[in-house]
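# Observations on the model geometry
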Amino acid sequence: MLSRHEFIDLIPHAGDMCLLDGVVAFDASALHAFSTRHVLPTHPLRGAHGLHALHLAEYGAQAMAVHGALLAKERGDTEPRPGMLVSLRGVKLAVERIDTLEGRLDVHAECLMADTSGAQYSFRIAHDGVEIASGRAAVIHPAG
């Protein structure tokens, strides 16, 4: 298990915008992370009516970023590589809001394809063993 302090400097999501608390496990193709930050009244994406489930796509995107960064670190890369989220596909949400869900969110990201120009992932988020969001996302790495 990795705490957020072990990966926060590897991704561009700084401070409170890093939505993940830790990484349970990862390998060459997938990552399992978790978060309890969705209930914080100071959550950076929270609006006047709470935290909409649409923001779970950001949790998935951050899991992708952490996965890519941890793999890069294993390869010996010393500088974080910027990425830009360019598409979301097939996003399904089973709840309207997430700030009312007590406990932990389990965030899973699986790499479907990756090369030097970008990557495609599927993601799913579960709460209390029940899937509450899923989809696919693509990121590109801008040229130099």
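Below you will find a few notes about this structure. (Residues numbered from 1 in each chain as written. Predicted model: local features only at pLDDT ≥ 70, side-chain atom pairs only at ≥ 80, totals over all residues. Heavy atoms only, no water.)

To continue, consider the overall build of the protein chain. Scanning the protein chain for helices and strands turns up 1 helix and 7 strands. Walking the protein chain from its N terminus toward its C terminus, one meets helices and strands in the order β-β-β-α-β-β-β-β. Computed over its C-alpha atoms, the radius of gyration of the protein chain comes to 14 Å, within 12% of the 15 Å expected for a compact globule of 144 residues. By its C-alpha atoms, the protein chain is 40 × 30 × 25 Å across when sized along the principal axes. The buried share among the 144 residues of the protein chain stands at 43%. At a minimum sequence separation of 6, the contacts of the protein chain that also span at least 24 residues come to 62%. (Helix = DSSP H or I, 4+ residues; strand = E, 2+ residues; numbered from the N terminus. Rg over C-alpha atoms; globule rule 2.2 N^0.38 Å. Buried < 20%, exposed > 50% of the residue type's maximum accessible area, 1.4 Å probe, protein only. Contact = heavy atoms within 4.5 Å.)

Take empty space enclosed by the protein next. Over the atoms, a rolling probe the size of a water molecule traces out where space has been left empty. Tallying each qualifying case throughout the model produces 1 cavity of 30 Å³ or more. Each pocket or cavity is described by its volume, and for the largest cavity that value is around 50 Å³. In terms of lining, the largest cavity is formed by Asp16, Leu19, Arg37, Leu40, Thr42, His43 and Pro44. Partitioning the lining of the largest cavity into residue classes produces 3 nonpolar, 2 polar and 2 charged. (1 Å grid on protein atoms, 1.4 Å probe; cavity = no way out; pocket = protein on both sides within 12 Å on 5 of 7 lines; lining within 4 Å. Points joined across faces, edges and corners; volume = space filled by probe spheres on them. Nonpolar A, V, L, I, M, F, W, Y, C, P; charged D, E, K, R; others polar.)

What follows is about the sheet that holds strand 4 (residues 84-93). Read from one edge of the open sheet, 7 strands run 1-2-3-5-6-7-4, paired in antiparallel fashion. The open sheet has two edge strands with one neighbour each: strand 1 (2-3) and strand 4. As paired elements, strand 2 (residues 22-26) and strand 3 (residues 30-35) share 4 bridges and run antiparallel to each other. Note that in strand 3 the partner of Val23 across the bridge is Ala33. (Pairing = 2+ DSSP bridges.)

Another aspect to go through is the environment of Asp27. As for its position among the elements, Asp27 is in the loop between strand 2 and strand 3. For the pair Asp27 and Leu71, spaced 44 residues apart in the sequence, the C-alpha separation amounts to 8.2 Å. Contact partners of Asp27, with chain neighbours within four places excluded, come to His67 and Leu71. A polar atom in the side chain of Asp27 sits 2.9 Å from the backbone nitrogen of Ser29. At a separation of 2.9 Å, a polar atom in the side chain of Asp27 contacts the main-chain amide nitrogen of Ala30. (Polar contact = N/O pair within 3.5 Å; in protein donor to acceptor, adjacent residues only side chain to side chain.)

A word on the side chain of Arg4. Looking at the secondary structure, you find Arg4 in the loop between strand 1 and strand 2. No salt bridge is formed by the buried Arg4; the nearest opposite charge belongs to Asp21, separated by 4.1 Å. Apart from the residues lying within four places of it in its own chain, the contact partners of Arg4 are Gly15, Cys18, Leu20, Asp21, Gly22 and Arg37. (Lys, Arg positive; Asp, Glu negative; His and termini not counted. Salt bridge = Lys/Arg side-chain N within 4 Å of Asp/Glu carboxyl O.)

With that settled, consider the layout of surface pockets. Looking at the largest pocket, its volume works out to about 780 Å³. The wall of the largest pocket is formed by 34 residues, among which Ala65, Gly68, Ala69, Arg81 and His141 lie closest to the centre. Broken down by secondary-structure element, the contributors of at least two residues to the lining of the largest pocket are helix 1 (56-75), strand 4, strand 5 (105-115) and strand 6 (118-127). Looking at which element gives the most residues to the lining of the largest pocket, the answer is helix 1, with 11 residues. Residue classes in the lining of the largest pocket are distributed as 19 nonpolar, 8 polar and 7 charged.

Let us look at the nonpolar core. By size, the foremost hydrophobic cluster in this structure holds 34 residues, and its most contacted members are Phe7, Leu20, Leu56, Tyr59, Val66, Ile98 and Ile125. Elements supplying a minimum of two residues to this core: strand 3, helix 1, strand 5, strand 6 and strand 7 (130-140). For this core, the leading source of residues is helix 1, giving 8 residues. Discounting chain neighbours no more than four positions away, the residues touching Leu20 are Arg4, Phe7, Ala33, Phe34, Ser35, Arg37, Tyr59, Gln62, Ala63, Val66 and Val107. (Core = buried A, V, L, I, M, F, W, Y, C linked by side-chain atoms within 4.5 Å.)

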